[in-house]
Amino acid sequence: MNSDNDNNEDESTAAIFDLARNRSLDQQVSHPGREKRKLPKRFYKKAEAGPHEDGHAILLDGRAVKTPSKHPLAMPSLPLAEALAAEWEAQKDEIDPRSMRLTKLANTAIDLVAPRRDLVIAEIVNFAGTDLLCYRADAPVALAERQAALWDPLIGWAAEQGISLTVTTGLIHVAQPEASLEAYREALRALDPFRLAALHNAVTLTGSAILGLAVTLGHITPEEAFDIAHLDEYWQMELSGHDEEETARLAVRRSELLETGRFIRLLG
């Protein structure tokens, strides 16, 4: 992770992120009866941000961290690099990747998004073709009205960007206009790999390509996006009462989305 000759440290870094790369967030939540994962030991004394030819690196005892694919873990902004370094500095005797969400996103951007940008964009555009905000309840009326109140403004905002999506009731698939999907694709092409990785995360966590774009472009906050996306879950809990497991699951996902929003803000 520092030089290619530092085999032990390279192996430690690879082990740190095998959990965090492309794993469902819910799979990372601790569950009773699940075997406790063995975490790598902390092998450095100090973590800090420092200059690098590719931007701002994360330094462990003065040596630059590399991603699992051996690319420099270099950030385009100093505030983001400092936040990543703070995650590394906050680790205790063991290094827990579940507490390093910004580092996970940065690794994803560098290793997985940058080299396959068009495929990532195509995957996100597929979400736009079946966007959560387009599929409404026809009953009960109160739920349908709540969906309209919260979701229609986002549909209207998307239309202002040239992304006019068809709204329907029920779950039967409705094809979206190709021109609108192409407009969405063009909006994604304007994003760098770091913002694209964050948007992908936001889309995955909300189930909505429109909400993901709105968060990435700063139209709404991550908090607003999460509540809008999980309107149906909140409605169900209002009817059936408190569900401890569901509440815990939503809390973890909300925290992840807020960190994704923080990642975007730190990019500047």
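Structure shown above.
**A word on the packing of aromatic side chains**
Here's step 1: Applying the stated criterion to the full structure yields 3 aromatic pairs.
Here's step 2: Both rings, one in Phe-43 and one in Tyr-44, keep their centres 5.3 Å apart while their planes meet at 80 degrees; by these two values the pair is edge-to-face.
Here's step 3: Joined through ring pairs, the aromatic side chains of Phe-43, Tyr-44 and Trp-88 make up one cluster.

**Looking at the nonpolar core**
Here's step 1: Counting residues in each nonpolar core, the largest one holds 70 residues, and the members touching the most others are Ile-58, Met-75, Tyr-184 and Leu-188.
Here's step 2: At 8 residues, helix α7 (residues 193-206) tops the list of elements feeding residues into this core.
Here's step 3: Beyond its immediate stretch of four places on either side in the chain, Leu-188 contacts Arg-117, Ile-121, Ile-124, Val-125, Leu-196, Leu-199 and Leu-213.

**Considering helix α8 (residues 209-216)**
Here's step 1: Burial analysis of α8 places 8 of its 8 residues in the buried class, the great majority of the element.
Here's step 2: Those residues of α8 lying buried are Ala-209, Ile-210, Leu-211, Gly-212, Leu-213, Ala-214, Val-215 and Thr-216.
Here's step 3: For α8, the secondary structure elements touched by its buried residues are α4 (117-129), α5 (141-160), α6 (178-189), α7, α9 (222-229) and α11 (244-267).
Here's step 4: Between the side-chain oxygen at the start of α8 and the backbone nitrogen of Ile-210 there is a gap of 3.3 Å, and the oxygen is on Ser-208.
Here's step 5: Gly-218 sits one or two positions beyond α8 and adopts a positive phi of about 80 degrees.

**What about the pattern of salt bridges?**
Here's step 1: Here the structure, examined in full by the defined rule, presents 14 salt bridges.
Here's step 2: A salt bridge links Lys-104 to Glu-256; its shortest N-O distance comes to 3.1 Å. With Lys-104 in helix α3 (residues 101-113) and Glu-256 in helix α11, this residue pair connects regions lying 152 residues apart in the sequence.
Here's step 3: Of the charged contacts, one joins Asp-152 and Arg-136 as a salt bridge, the two residues approaching to 2.9 Å between their closest N and O atoms. Here Arg-136 lies in strand β5 (residues 135-136) and Asp-152 lies in helix α5, a separation of 16 residues in the sequence.
Here's step 4: The partly exposed category is assigned to Asp-152, whose relative accessible area is 37%.
Here's step 5: On the basis of relative accessibility, which here comes to 10%, the residue Arg-136 falls in the buried class.
Here's step 6: One connected set of salt bridges, linked through shared partners, spans Glu-182, Arg-185, Glu-186 and Arg-189.

**A short note on the packing of α7 against α8**
Angle between the axes and distance between the axes are the two parameters that describe a pair of packed helices.
Here's step 1: Here α7 crosses α8 at 135 degrees, and the two axes come no closer than 8 Å. Comparing the axis directions of α7 and α8 gives the class oblique. Both α7 and α8 take part in a crossing whose hand is right-handed. Residues Arg-195, Leu-199, Ala-202, Val-203 and Thr-206 of α7 touch α8, and the partners they reach there are Ala-209, Leu-211, Gly-212, Leu-213 and Thr-216.
Here's step 2: Classifying every residue of the contact of α7 with α8 gives 6 nonpolar, 3 polar and 1 charged.

What counts and how
- Residues numbered from 1 in each chain as written.
- Predicted model: local features only at pLDDT ≥ 70, side-chain atom pairs only at ≥ 80, totals over all residues.
- Heavy atoms only, no water.
- Phe/Tyr/Trp six-rings, centres within 6.5 Å; stacked < 30°, edge-to-face > 60°.
- Core = buried A, V, L, I, M, F, W, Y, C linked by side-chain atoms within 4.5 Å.
- Buried < 20%, exposed > 50% of the residue type's maximum accessible area, 1.4 Å probe, protein only.
- Helix = DSSP H or I, 4+ residues; strand = E, 2+ residues; numbered from the N terminus.
- Contact = heavy atoms within 4.5 Å.
- Polar contact = N/O pair within 3.5 Å; in protein donor to acceptor, adjacent residues only side chain to side chain.
- Salt bridge = Lys/Arg side-chain N within 4 Å of Asp/Glu carboxyl O.
- Axes fitted to C-alpha atoms, helices over the stretch in contact; angles between N-to-C directions.
- Parallel < 35°, antiparallel > 145°, perpendicular 65-115°, else oblique.
- Left-handed = near helix turned anticlockwise from the far one by under 90°.
- Nonpolar A, V, L, I, M, F, W, Y, C, P; charged D, E, K, R; others polar.

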